[in-house]
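# Summary of the model geometry
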Amino acid sequence: MTRDEGYLDRLVDEAALRRYLESELGPAGEFAVEHHGEGHSNETLFVTWGDRELVLRRPPAGETAESAHDVLREYRVISALADTDVPVPTAVLACEDTDVVGGEFYLMDRLEGDVVRDSEPERFARPESRRRIGEGLADTLAAIHTLDYEAVGLGDLGRPAGFTERQVERWGKQFEWAAETTHESREVPHVEEIGEWLAANVPETYEHTLVHGDFKLDNVMFAPGAPPRINAVMDWEMGTLGDPLRDVGWMLVYWDTDPIVPELMPNFLDRPGYPSREELIERYERASGIEFVHREFYVVLALYMLAAVCEMFYARYLNGNSDDDLYPRMETLVPDIARRAKGLVDGDRTI
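All figures in this text were calculated on a predicted structure; none of them were measured in a lab.

## Description of the overall build of the chain
The helix and strand tally for the chain stands at 10 helices and nine strands. Relative to its length of 351 residues, the chain is compact, with a C-alpha radius of gyration of 20 Å against a globular reference of 20 Å. On the principal axes, the C-alpha backbone points of the chain span a range of 60 × 50 × 40 Å. For the chain, the proportion of its 351 residues judged to be buried stands at 55%. Surface exposure of the chain reaches about 15,100 Å², of which carbon and sulfur atoms provide 42%.

## Some remarks on empty space enclosed by the protein
To find leftover empty space, one rolls a probe the size of a water molecule over the atoms. Applying the stated rule across the entire model yields two cavities of 30 Å³ or more. Taken as a whole, the second largest cavity holds about 40 Å³ of empty space. V191, I194, L303, Y304, A307, I337, A338 and A341 together form the lining of the second largest cavity. Listing elements by their share of the lining of the second largest cavity, those giving two or more residues are α6 (191-200), α9 (295-318) and α10 (330-346).

## As for the environment of A315
Position of A315 relative to the elements: it lies in helix α9. Apart from the residues within four sequence positions on either side, A315 is in contact with W177, A178, T181 and T182.

Cut-off values and rules
- Residues numbered from 1 in each chain as written.
- Predicted model: local features only at pLDDT ≥ 70, side-chain atom pairs only at ≥ 80, totals over all residues.
- Heavy atoms only, no water.
- Helix = DSSP H or I, 4+ residues; strand = E, 2+ residues; numbered from the N terminus.
- Rg over C-alpha atoms; globule rule 2.2 N^0.38 Å.
- Buried < 20%, exposed > 50% of the residue type's maximum accessible area, 1.4 Å probe, protein only.
- Areas by Shrake-Rupley, 256 points an atom, 1.4 Å probe, with all protein chains shown as cover.
- 1 Å grid on protein atoms, 1.4 Å probe; cavity = no way out; pocket = protein on both sides within 12 Å on 5 of 7 lines; lining within 4 Å.
- Points joined across faces, edges and corners; volume = space filled by probe spheres on them.
- Contact = heavy atoms within 4.5 Å.

What follows is the structure, encoded as C-alpha cells:
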C-alpha cells in the first residue's frame, strides 16, 4: 500500500487524540501513531502511549455504505468475549465523539503474533504446522458458534430469525450503493441473476448462533512460538446473531487453492499439510455439532458478499477515499467473482 499523507491526516488528529488519551488514561511520556496498512476495510493504527502498546480501529475516511464499518460493535463484542473460549484482544476504550479523530473509534491492547495473510511464516513451514493452522481455524469458528451468547450479554446483538434472507437483501443493497459510482466505469455481469437465485434458495431453517461475519485466515492471529495457536479473533465489525453457515461459506471462499482474489487470499494452501476444504468442513462439523448443509447456497452467498465488498472498495477508490493500491484492481476482479458465483449457480463448478 502506498502512503498518501493527505489521506493519513484525515484518519487521525494526533493532537486531539493525545488530549483524549490524557483525559482517559492519564499522562504519558511517549506518544506515537503509526498507520497499519495491511487491512482493506476499517482502518487500523498502532498507538504508543507511555509503556502501553495499543491498537486504534476506526472507519475509513469518506462516505461508506450504511452499517458497513461499525467499529463500536467490534468493541462491544470483544468486551463480552473477554472470559470465554473465543480468544480476543483486551478492549480498552470506546469513543463515540467523532470530533476526536474524525470518526467513532475504539482502542484495544496490541498482541504479539503473526497474521497469516500473503506469506507463510517460516516457523509454520512444515506439514504438521500447516494442518494445525487449518484445524485451529475450524475449531475457533466452532467455538464462536457454540458460545452461549445470552450468558455473555450478547442476546440483543442481532435478530437471528430471518437473518439469512436479510443477508441476501443487504448485500444486494451494498452492491447497488457502490454501483451508483462504479457503473460509469464498467458493468458487472450476472449480479442481479445471482441475487434472484439466492433469494429463491434461502434454506427454510438454520441454527441461531453468534456469527463473526468476516471469519477467515487473516482475521485471526497466531501466538508466538510453535505449534500454531490462535490467540485472537479480530475484525468483529459485522458480528451479530444469525446463521452460522454464513460464516462457514465465507471461510471456505478464502480457503481456496485457486484464490479468486489473490491479493486478499492466501496463495500457499496447496502446500503439503494444509487441510482441504472437505477436511476443514469435517473438522468444523465435529467440533460444533452443526452440519454444513446447502453448501452451494452458502458459498454462492459468500461470493455475492465478496463481490459487494470489493465493489465498495472500487467505489471508494473512484471517489478518492482510499490510498489502497488494491482498489483499482477491482475493476476487473469483481466481474471475475461474479462469473465464479454464476458457475456454481449453473452447476458448472463445484465447491
